[in-house]
Amino acid sequence: MSMRSVLVIGGAGFIGSALCQELTHRGIRVRSFDRAHREKRASNVEFVSGDFFKREDLLDALEGVDAVVHALGIVNPGNSDREFMRGYAGEFVQSALLFDECARRGVSVLFVSSGGTVYGRQTAMPISETALPSPINHYGALKLCIETSMRAFAQRNGVRMVAARVANPYGPGQDYRKGVGFIDACVRKTLAGEPIEIWGDGKIVRDYIHIDDVSRMLADLLDVEGGESVFNVSSGVGTSQLDVVGVLRECGFCPRVRMLPSRSVDTSTVVLDNSRIMAACGARELVGFRKGVKRYIAQMELAL
């Protein structure tokens, strides 16, 4: 990897912390920037505590870095109907300030965006990066707004800025109580003897991808050059909610499932085409759904 130092904004989060570890394994100097770092798992990461929404903190964190990964968000799919103004007035505006500063400094940017919520309801599967985005909630709309503003800064200043539209990540470090993570919810609730809630008939299909694959793909994208500015980060395979419950049964558990009425906000199927990132970064064997979920179950059992 060519860059000398990478700043990960949101480095204490699920995706951010995994990416910090992946980058250090590649010999990259990493600065993790977040409000608090509860687990400092990588000794060779520079942990910087600060507020993304304070200009002084953000500018200080940018000093001396060659690339920035923007993986921080205050709005999630679960709270976007209530917190959308915090997203538009805060997260969007501060992201634009970040892109402006990076453009001035010649610092490249990788923005961790959203896959399914940006694309919204699509008829053709898997969804490629050329599909017309059509968000159906404020979370997806916010991510698309940030992507669009970033692209304008990149084009006007000639700085490499890329959006990574991540599908449905899962694995160690996720916490469904923060608003996302069906697999995490299934595993935690089953191990705790609590019922799994499924809205609808359980046939909703999502593109689940292990966090190890996500962090590897994101790290690879920091080195990718060329004209493409959007990449799907996905497994390219669709899996239903009932399939997730089935893996728990394969592992010897008897998960209790509570079926609830379907919700209008849920799209029936979201699978992302990952051929662009595979071609740009080199095709690799992914963890795979069943292997990944079984590995996560074993890790959670040890943690409890």
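Residues numbered from 1 in each chain as written. Predicted model: local features only at pLDDT ≥ 70, side-chain atom pairs only at ≥ 80, totals over all residues. Heavy atoms only, no water.

Caption draft 1: Structural view of the packing of aromatic side chains. Within this structure, the stated rule accounts for four aromatic pairs. Here Phe52 and Phe53 contribute two aromatic rings whose centre-to-centre distance is 5.2 Å and whose plane-to-plane angle is 80 degrees, an arrangement assigned as edge-to-face. Among the residues examined, Phe52 registers a relative accessible area of 1% and is labelled buried. (Phe/Tyr/Trp six-rings, centres within 6.5 Å; stacked < 30°, edge-to-face > 60°. Buried < 20%, exposed > 50% of the residue type's maximum accessible area, 1.4 Å probe, protein only.)

Caption draft 2: Looking closely at the pairing of strand β6 (residues 161-166). A large share of β6 lies buried, amounting to six of its six residues. Here β6 shows a buried face lined by Met161, Ala163 and Arg165 and a second buried face lined by Val162, Ala164 and Val166. Both strand β5 (residues 108-114) and β6 contribute to a ladder of six bridges, which runs parallel. In the sheet register, Phe111 faces β6, and the bridge partner there is Ala163. When β6 meets strand β11 (residues 230-233), the two strands line up parallel, connected through four bridges. The residue bridging Ala164 from the neighbouring strand is Phe231, located in β11. (Helix = DSSP H or I, 4+ residues; strand = E, 2+ residues; numbered from the N terminus. Pairing = 2+ DSSP bridges.)

Caption draft 3: Quick look at the layout of surface pockets. Volume-wise, the second largest pocket comes out at about 240 Å³. If you go around the second largest pocket, you meet 16 residues; those closest to its centre are Ala18, Gln21, Ile211, Asp212 and Ser215. For the lining of the second largest pocket, the secondary structure elements donating two or more residues are α1 (14-25), α7 (211-221) and α10 (289-303). For the lining of the second largest pocket, the element with the highest residue contribution is α1, accounting for six residues. (1 Å grid on protein atoms, 1.4 Å probe; cavity = no way out; pocket = protein on both sides within 12 Å on 5 of 7 lines; lining within 4 Å. Points joined across faces, edges and corners; volume = space filled by probe spheres on them.)

Everything listed is a geometric property; what it means functionally is a separate question.
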